[in-house]
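The lines below spell out each chain.
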Amino acid sequence: MTHIDEYIAERCAESTEFASVYALESERLDIAVALTDLRRELGMSQKQLAELAGKPQSTIARIENGTLNPSVGLLVEIAESAGKTLRVCFEPSPAQTRQQRSQRRLAAFERIDSLLADKSATASATVA
């Protein structure tokens, strides 16, 4: 985990307001990056993509710079105009991911301890 990740985790734990704002801004950034990637994949300018989608260029620019939180409907329209399908999925939060990783590590260490204890017991019984 980077220092920034640690800082964000600490601030989110300290303040529900910070956590809410951070989550919203993270979503906007993810959408901005996805739309920019789509546009570049298509080899289009913002104006060209906007014309294809039947939207103002400013709408594309505002989504890409994170100042517009677009509706799912708007994203579907943009995706369909580009011959794509919008896919939405639910993923665990970073905190849930860290917790799951910690639980898997703990379970792995417990299995290793158990295996080592079994080998030690087997070795002791063989010697006796």
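Residues numbered from 1 in each chain as written. Predicted model: local features only at pLDDT ≥ 70, side-chain atom pairs only at ≥ 80, totals over all residues. Heavy atoms only, no water.

Draft legend 1. Seen up close, the nonpolar core. If you look at the biggest cluster of nonpolar residues, it comprises 11 residues: L35, L38, L49, A50, A53, I60, I63, L68, L74, I78 and A82. Put simply, the parts of the chain that give this core at least two residues each are α2 (16-42), α3 (46-53), α4 (57-64) and α5 (72-81). Here this core gets three residues from one element, more than from any other, and that element is α3. Each residue touching L74, except ones within four places of it in the same chain, is listed here: K55, T59, I63 and L68. (Core = buried A, V, L, I, M, F, W, Y, C linked by side-chain atoms within 4.5 Å. Buried < 20%, exposed > 50% of the residue type's maximum accessible area, 1.4 Å probe, protein only. Helix = DSSP H or I, 4+ residues; strand = E, 2+ residues; numbered from the N terminus. Contact = heavy atoms within 4.5 Å.)

Draft legend 2. How the structure looks around a negative patch on the surface. Taken together, D5, E6, E10 and E14 make up a surface patch of like negative charges. Here E14 is to be found in helix α1 (residues 3-14). Given a relative accessible area of 64%, E14 falls into the exposed group. (Patch = residues over 30% accessible without salt bridge, like charges linked within 9 Å, V, L, I, M, F, W, Y side chains within 5 Å. Areas by Shrake-Rupley, 256 points an atom, 1.4 Å probe, with all protein chains shown as cover. Salt bridge = Lys/Arg side-chain N within 4 Å of Asp/Glu carboxyl O. Lys, Arg positive; Asp, Glu negative; His and termini not counted. Charge placed at Lys NZ, Arg CZ, Asp CG, Glu CD.)

Draft legend 3. The arrangement of the environment of E64 in detail. Position of E64 among the secondary structure elements: in helix α4. Judged by its relative accessible area of 14%, E64 falls in the buried class. C-alpha of E64 to C-alpha of D30: the two residues are 34 residues apart in sequence and 9.6 Å apart in space. Setting aside residues no more than four positions away along its own chain, E64 makes contact with A32, L35, T36, R39 and Q46.

Draft legend 4. Summary view of the layout of surface pockets. Its boundaries defined by the atoms lining it, the largest pocket holds a volume of some 1,400 Å³. For the largest pocket, the lining is made up of 34 residues, of which S26, E27, D30, I31 and E91 are closest to its centre. Secondary-structure elements contributing two or more residues to the lining of the largest pocket are α1, α2, α5 and α6 (94-127). Sorting elements by how many residues they give to the lining of the largest pocket places α2 first, with 12 residues. Taken together, the residues of the lining of the largest pocket sort by class into 22 nonpolar, three polar and nine charged. (1 Å grid on protein atoms, 1.4 Å probe; cavity = no way out; pocket = protein on both sides within 12 Å on 5 of 7 lines; lining within 4 Å. Points joined across faces, edges and corners; volume = space filled by probe spheres on them. Nonpolar A, V, L, I, M, F, W, Y, C, P; charged D, E, K, R; others polar.)

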